[in-house]
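# Summary of the model geometry
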Amino acid sequence: MEKPDFNIEEVTKIIRGRRSMFVAQFKENDPVDDSVIEEMLENANWAPTHKLTQPWRFIVYTGEGLKKFANYQAEMYKSRAAKNGTPFIEATYQKFKENPLKASHVIAILMKRTENSGIPVMEEIAAVSMAVQNMYLTASAYGLAAYWGTGGPTFWPEAREDFGLEGEDMLMGFFYVAKPASDRWPTGKREPIADKVGWIRE
Ligand SMILES: Cc1cc2nc3c(=O)[nH]c(=O)nc-3n(C[C@H](O)[C@H](O)[C@H](O)COP(=O)(O)O)c2cc1C
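To start, this report covers the structure provided alongside it. The model shown is predicted, which means the values in this text are computed figures rather than measured ones. (Residues numbered from 1 in each chain as written. Predicted model: local features only at pLDDT ≥ 70, side-chain atom pairs only at ≥ 80, totals over all residues. Heavy atoms only, no water.)

## Thoughts on the site of the ligand
The full set of residues close to the ligand is Arg18, Arg19, Ser20, Phe22, Tyr136, Tyr147, Trp148, Gly149, Thr150 and Arg190. Within the side chain of Arg19, a nitrogen or oxygen atom sits 2.8 Å from an oxygen atom of the ligand. Here a nitrogen atom of the ligand and a backbone polar atom of Trp148 are 2.9 Å apart. The fraction of the free accessible surface of the ligand (610 Å²) that becomes covered by protein chains is 56%. Take the shell around the ligand: its biggest share by element is three residues, from strand 4 (residues 145-149). (Near = heavy atom within 4 Å. Polar contact = N/O pair within 3.5 Å; in protein donor to acceptor, adjacent residues only side chain to side chain. Areas by Shrake-Rupley, 256 points an atom, 1.4 Å probe, with all protein chains shown as cover. Helix = DSSP H or I, 4+ residues; strand = E, 2+ residues; numbered from the N terminus.)

Take a look at the structure:
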């Protein structure tokens, strides 16, 4: 294959310009074309992966599927509260029931272990995270509102079986996608990289 003609200015622009936008910033009832989501998923599939185990798995909820997911997490929240004796907060229940409906697509992010791969679990989590970054970059490049959320069933053991998880497999959260309500783009915020790097030169 010939060496690709990458454009560093564009790459830097999209990496630094990628932003999260949350449910409050979503334009409701105006779905993104499935073809855009498919492109995000295809780009996710090109993340680096040790020994090519490709541990990322995705479940895409859209249309009526969003209702199914919303009701699922709301009812699980309710039954967990009843069972674990944790407080039941009506507003939280409502959020679980309503937030997914404000999105165009909600993508469950799963990490699937390969048996006997010998790969530490950290590397598979890292590979899935890189796949999510590819989705993030693609969503931003399309000017979409999107964010990775680790709420809802992400850490609920009761949800594991429903998502087909076994052993060290993980539900790693949900990628919410919508068109943005406004043309404004959020400002990014980071502490300087110099505060986070040590160089050893000799
Ligand atoms: C692993 C991971 C989990 C996250 N979980 C949440 C979450 O549960 N809720 C949320 O509002 N944002 C979540 N975020 C998004 C961050 O809030 C967001 O990346 C951060 O505010 C920086 O903004 P930026 O993405 O626009 O640079 C998560 C991000 C990552 C990488």
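There is more to say after this.
## Let's talk about the packing of helix 2 (residues 34-44) against helix 5 (residues 121-141)
Helix packing geometry: the angle between the two helix axes and the distance between the axes. Axis separation between helix 2 and helix 5 bottoms out at 7 Å; the angle between their running directions is 145 degrees. Helix 2 and helix 5 meet at a crossing whose hand is right-handed. Mapping the contact onto sequence places Glu39, Met40, Leu41, Asn43 and Ala44 in helix 2 and Ala131, Asn134, Met135, Thr138 and Ala139 in helix 5. (Axes fitted to C-alpha atoms, helices over the stretch in contact; angles between N-to-C directions. Left-handed = near helix turned anticlockwise from the far one by under 90°. Contact = heavy atoms within 4.5 Å.)

## Describing the packing of aromatic side chains
Scanning the entire structure with this criterion turns up 12 aromatic pairs. Between Phe26 and Tyr147 the ring centres are 6.5 Å apart and the planes differ by 45 degrees, which places this aromatic pair in the tilted class. One end of the pair, Phe26, is in strand 1 (residues 26-27); the other, Tyr147, is in strand 4, and 121 residues separate them in sequence. The burial state of Phe26 is the same as that of Tyr147; both residues are buried. Both rings, one in Tyr77 and one in Phe96, keep their centres 5.2 Å apart while their planes meet at 55 degrees; by these two values the pair is tilted. Within this pair, whereas Tyr77 is found in helix 3 (residues 64-84), its partner Phe96 is found in helix 4 (residues 90-102), the two being separated by 19 residues in sequence. Each member of the pair, Tyr77 as well as Phe96, is classed as buried. An aromatic cluster of at least three residues, connected via ring pairs, comprises Tyr61, Phe69, Tyr72, Phe163 and Phe174. Over the aromatic face of Tyr136 sits the side chain of Arg18, whose NZ or CZ is 4.5 Å from the ring centroid. (Phe/Tyr/Trp six-rings, centres within 6.5 Å; stacked < 30°, edge-to-face > 60°. Buried < 20%, exposed > 50% of the residue type's maximum accessible area, 1.4 Å probe, protein only. Lys NZ or Arg CZ within 6 Å of the ring centre and 35° of its normal.)

## Looking at the pairing of strand 3 (residues 105-111)
Here strand 3 lies mainly inside the structure; seven of its seven residues are buried. Residues His105, Ile107, Ile109 and Met111 line one face of strand 3 and the alternating positions Val106, Ala108 and Leu110 line the opposite face, and both faces are buried. As defined by bridge partners, strand 2 (residues 56-62) adjoins strand 3 across seven bridges and the pair is classed as antiparallel. Note on strand 3: the bridge partner recorded for Arg57 is Leu110. Sheet analysis places strand 3 next to strand 5 (residues 170-180), joined by seven bridges and oriented antiparallel. (Pairing = 2+ DSSP bridges.)

## Brief notes about the pattern of salt bridges
Under the counting rule described, the total for this entry stands at nine salt bridges. With a shortest N-O distance of 2.8 Å, Arg80 and Glu158 are connected by a salt bridge. On the criterion of sequence distance, the pair formed by Arg80 in helix 3 and Glu158 in the loop between strand 4 and strand 5 is long-range, its members being 78 residues apart. Of the residues examined, Arg80 reaches a relative accessible area of 19% and is grouped as buried. You can call Glu158 partly exposed: its relative accessible area is 25%. We note a salt bridge from Lys112 to Glu166, for which the minimum N-O separation is 3.6 Å. (Salt bridge = Lys/Arg side-chain N within 4 Å of Asp/Glu carboxyl O.)

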